[in-house]
Amino acid sequence: MDLVQLQRQLVDYKTSLYNEGFLDEQFTQLQELQDENNPDFVVEVVSLFFEDSERLLNELTKALEQQSVDFKRVDAHVHQLKGSSSSIGAQRVQKVCIAFRNYCEEQNIEGCVKCLQQVRHEYSLVKTKLESMFQLQQQILSAGGSIPM
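Residues numbered from 1 in each chain as written. Predicted model: local features only at pLDDT ≥ 70, side-chain atom pairs only at ≥ 80, totals over all residues. Heavy atoms only, no water.

1. Describing the UniProt feature "modified residue: Phosphohistidine" (unreviewed entry) in the protein
Short version of the rule: UniProt positions are given in the numbering used here, feature names are shortened, and annotations may be inferred rather than shown by experiment. Secondary structure elements are defined from DSSP: runs of H or I of at least 4 residues count as helices, runs of E of at least 2 residues count as strands, and each element is numbered from the N terminus.
Here the UniProt feature "modified residue: Phosphohistidine" (unreviewed entry) sits at His79. Looking at where His79 falls in the secondary structure, it is placed in helix α4 (residues 71-88).

2. Re helix α6 (residues 109-142)
As a reminder, the rule being used: The span expected for a helix works out to 1.5 Å for each residue beyond the first. Under the rule applied, a polar contact is a pair of N or O atoms within 3.5 Å (in protein, one hydrogen donor and one hydrogen acceptor; residues adjacent in sequence only if both atoms are side-chain atoms).
With 34 residues, α6 ought to run about 50 Å at 1.5 Å a step, and its terminal C-alpha atoms sit 48 Å apart, in line with that. One side-chain oxygen at the N-terminal end of α6 lies 3.1 Å from the backbone nitrogen of Glu110; it belongs to Asn108. The first or second residue beyond α6 is Gly144, which carries a positive phi of 90°.

3. Some remarks on the nonpolar core
Going by this rule: Take the buried residues of types Ala, Val, Leu, Ile, Met, Phe, Trp, Tyr and Cys, join any two whose side-chain atoms come within 4.5 Å, and each joined set is a nonpolar core. Partly exposed describes any residue whose relative accessible area lies between the buried limit of under 20% and the exposed limit of over 50%, with all areas from a 1.4 Å probe on protein chains only and scaled to the type maximum. Pairs of residues are marked as contacts when any of their non-hydrogen atoms sit within 4.5 Å.
Core analysis: the biggest nonpolar cluster contains 40 residues, and Phe27, Val46, Val74, Val93, Phe100, Val119 and Leu130 have the highest contact counts within it. Apart from the residues within four sequence positions on either side, Val119 is in contact with Leu57, Leu81, Val93, Val96, Cys97 and Phe100.

4. Concerning unusual backbone geometry
In this structure, Gln107 takes a positive phi of about 55° despite not being glycine. Within the secondary structure layout, Gln107 lies in the loop between α5 (91-106) and α6. Taking the relative accessible area as the measure of exposure, Gln107 reaches 55% and is therefore exposed.

5. Examining the packing of aromatic side chains
How two aromatic rings sit relative to each other is set out by the distance from centre to centre and by the angle between their planes. Let me state the cut-off plainly: Any two rings among Phe, Tyr and Trp, with Trp reduced to its six-membered ring, count as a pair given centres within 6.5 Å; such a pair is stacked if its planes are under 30 degrees apart, edge-to-face if over 60, and tilted if neither. Both a distance and an angle decide whether a charge sits over a ring: NZ of Lys or CZ of Arg must be within 6 Å of the ring centre and within 35 degrees of the ring normal.
Counted by the stated rule, this structure contains three aromatic pairs. Taken together, a centroid distance of 6.2 Å and an interplanar angle of 80° make the contact between Phe50 and Tyr123 edge-to-face. With Phe50 in helix α3 (residues 41-64) and Tyr123 in helix α6, this residue pair connects regions lying 73 residues apart in the sequence. There is no split in this pair, since Phe50 and Tyr123 are both buried. An aromatic cluster is present here, built from Phe49, Phe50 and Tyr123 joined pairwise through their rings. The residue whose ring lies beneath Arg92 is Phe22, and the NZ or CZ to ring-centre distance is 3.8 Å. Lying over the aromatic face of Phe50, Lys127 brings its terminal NZ or CZ to 5.5 Å of the ring centre.

Take a look at the structure:
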């Protein structure tokens, strides 16, 4: 595949991520902060999001498996996940977190467990899609091209 095709593929792929609601304007703003002095900025920020999300999802799983669920603790973890997903523009993860927090407020264990499954699913999807996009960007850079915005 030549460079122009790779660049076109990246633009189309990124557009699909916005159209399908995986990413929002916050991701665009994140990309605008990246420059030649910090060319890996977005990958680094998103990698931190991945690490933080994995930790929070594990904490949420443990918290919801307790005999007596501490809904304030669960809500604090969900609030943190909502904030970090919002900061990178992971819109679908953020939306599930909003519903999750409502179930925490109601102390609805079934709703919380269901939302945990949904948030894991949405997180897994956005992680896979962002990793694919980063791989495509790396292919373009390795071929001597520049990343189209």
